[in-house]
Each structure stands twice: as C-alpha cells, then as structure tokens.
Amino acid sequence: MDTVHPIGTLASLPYKREGDICYGPGLMDMKGGNYVYLDALRKLQAAGVETPLPVTVLFTPDEEIGTPATRRLIEEEAKRHKYILVPEPARPDGGAVIGRYAIARFNLQTRGRPSHAGWALSEGRSAIAEMAKAVGTIEGMTTEDCTFSLGVFHAGQWVNCVSSVCDAEVLTMAKTQAQLDAGVEKMMALNSGEGDVIMEIRRGVTRPVWEPDQPGTMAMLKLAQEIGGELGIEITGSSAGGGSDGNFTGFLGLPTLDSIGVRGKGLHTLQERIYVDSLTERAKLAAGLFCRLTA
C-alpha cells in the first residue's frame, strides 16, 4: 500500500485522466495492481463464482523501505498457501517476473570535527566533504552484475559551520547471492575509524535472490500465458531487478508469479501513470488465475 511519494505530491502530480492514461502518485506502483486483484475477487463473488482454492489478500505498508516489519508475516502466511500472486506493475513489455535479483541496503555515517567556517575553517574537518568523496568511490564499484547507488544524503544545519556529521544510504543490487555477498564485503571494507573523519557503515535490510525457472513458478507462468492468449495479450516471463516481496516467497521456493499488475510508465517519478485499458485486462487475468489455479 505504500509509495515513495511523500505527502503533498498530489499538488505536483494530481490525479487526472487524459484519454487512456491516468496520472497519480503510486497508481502504477502499485495501487493499481492492488485494486485490480481485489476487485477481481469482488466480481467473482458477486457472480457467485467459487474459486478452487481459498484466497488470502495481504496488504503490507512497508515494501518500499525493504519490508522490515512485515517480512516474517509474509513468509509465514505464504507457507500456508500453494501459490503466491504479486500484483507489482507489469514489465515494460507487459510480461511477468519469475525471479528477482538480490538487494542489500546500507546506512553510512561520516563524523568529522566542527568549527566556525569563517573564523576557523582550517580547524574543522568536514563530514560532508568526506561523504562526497565516498559517493564516487561507492558508485564506481558498479558492474553489470552488481550495482551500487547512493540515494539519500543528509548533513549540515548552518552554512557557517563545518559539518561534523553526514548520513547517507546506499542500495546494492546483484544478480546472484554470491555477487551480492561480494558487494556487501566491498561496502563493509569502507568502514574506517582512522584519520580526522571516520566512516561508519551499517548493514540494513536485505532481499534474498529469487532464482528464476523454479518448476512451480514456471507452471504458473504457463497458465498465465494460456489465459493471456485467450484475452489476446502476450505475457513473457523473465528475472528482473527492483526488489519486491516476491523475493521472500521465491527465495523460499514457493511458486510465485510477480509483476502481473497494471501496465504503465514513470513509477517513482512525477510522471507516474497507468494505461486505463490495462485495468480490465489485468482484472480478467487475475480472475482467470483465481479460477484456474487448483490443488
């Protein structure tokens, strides 16, 4: 249910419809998918259609910050079920996700020595300057198989003071668990307690790798493709970056089909939008899955 958009975003990204496109914060990622899969169940119930298996709908509020509070709930609930459907937005080609890369987060802090920036500049040691140097070092470690991105940077209160503390957050994503482990090792090696400015790095939440091509997941993909064929849509399947709560269920080896939600563009931006025709399209896909996933 959560979104990266802060309170007040509606002022710059108001809900509006222009033809076949609807704009609004979080519509694509992933309020549209949540709505569609819940509404498909409502429509089946109204029509008197009973699904072969009982369906549990689980909404969580902390996915965008790494699911620190609800991971255990998700895993315990998922183990009680035969199939897991994750209505994250569809991939750009309309396809589903059948595996996801591993992700780790880090909290960084540099601590320097404060001083008056005008009266005694040379006596200070800037925590901001040291963190700024670290940005290039950290993002420079990026390879095709393991990426590093510093996305949060907080420091300073007064321009006439040399900063004594700077906080930052880094996201690392890798295609395999071994590559993520190596990336984590590189990050932790940047810890330094020596010199005038120290660097402290703490490990944050992690999403384990969800290996693709698991038999149960592939069977679900095949069924989705059959339903898609009946609806006139093509549904491909591939592994992808960008974590989801499907990482946890896929890692456990539970049949999981991800990114079967609405189609759109611009997620996490001030141009976030969905294609209106994908609401009905994905609702029909959802109803088909609910009705044809059997014991």
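Placed above this text is the structure.
Everything numeric here is computed off the predicted structure, so don't read it as measured data.

Here is what the cut-offs are and how they apply
- Residues numbered from 1 in each chain as written.
- Predicted model: local features only at pLDDT ≥ 70, side-chain atom pairs only at ≥ 80, totals over all residues.
- Heavy atoms only, no water.
- Pairing = 2+ DSSP bridges.
- Helix = DSSP H or I, 4+ residues; strand = E, 2+ residues; numbered from the N terminus.
- Axes fitted to C-alpha atoms, helices over the stretch in contact; angles between N-to-C directions.
- Contact = heavy atoms within 4.5 Å.
- Polar contact = N/O pair within 3.5 Å; in protein donor to acceptor, adjacent residues only side chain to side chain.
- Parallel < 35°, antiparallel > 145°, perpendicular 65-115°, else oblique.
- Left-handed = near helix turned anticlockwise from the far one by under 90°.
- Nonpolar A, V, L, I, M, F, W, Y, C, P; charged D, E, K, R; others polar.
- Buried < 20%, exposed > 50% of the residue type's maximum accessible area, 1.4 Å probe, protein only.

1. Re the sheet that holds strand β7 (residues 165–174)
Strand order in this open sheet of 4 strands is β6-β7-β5-β8, and the pairing throughout is antiparallel. The open sheet is flanked by β6 (146–155) and β8 (198–207), the only strands paired with a single partner. Taken over all neighbouring pairs, the strand axes of this sheet differ in orientation by 20 degrees on average, direction set aside. Each of β5 (102–111), β6, β7 and β8 touches helix α4 (residues 177–188); the most contacted strand, β5, lies at about 0 degrees to it.

2. A short note on the side chain of Asp245
For Asp245, the position within the fold is in the loop between β9 (237–240) and α6 (246–251). A polar contact is formed between the side chain of Asp245 and the side chain of Thr60, at a distance of 3.4 Å. Each residue touching Asp245, except ones within four places of it in the same chain, is listed here: Thr60, Glu63, Thr67, Ile74 and Arg207.

3. Looking at the packing of helix α5 (residues 215–231) against helix α7 (residues 277–292)
Two numbers describe how α5 lies on α7: the axes approach to 10 Å, and their chain directions differ by 130 degrees. When the interaxial angle is binned, α5 and α7 end up oblique. Helix-helix and strand crossings are classified by hand; for α5 and α7 the assignment is right-handed. Note on element contacts: α7 touches α5 through Glu281, Lys284, Leu285, Gly288, Leu289 and Arg292, opposite Leu223, Ala224, Glu226, Ile227, Glu230 and Leu231. Class assignment for the residues of the contact of α5 with α7 results in 6 nonpolar, 1 polar and 5 charged.

4. Looking at unusual backbone geometry
Look at the link from Asp29 to Met30: it is a cis peptide, with omega at -5 degrees. Structurally, Met30 can be placed in helix α1 (residues 27–46). Despite not being glycine, Thr67 has its phi angle at roughly 60 degrees, a positive value. Position of Thr67 relative to the elements: it lies in the loop between α1 and α2 (71–78). Classification of Thr67 by relative accessible area gives buried; the value is 2%. Phi at Ser259 takes a positive value of approximately 55 degrees, unusual for a residue other than glycine. Mapped onto the secondary structure, Ser259 falls in the loop between β10 (256–258) and β11 (264–265). Given a relative accessible area of 3%, Ser259 falls into the buried group.

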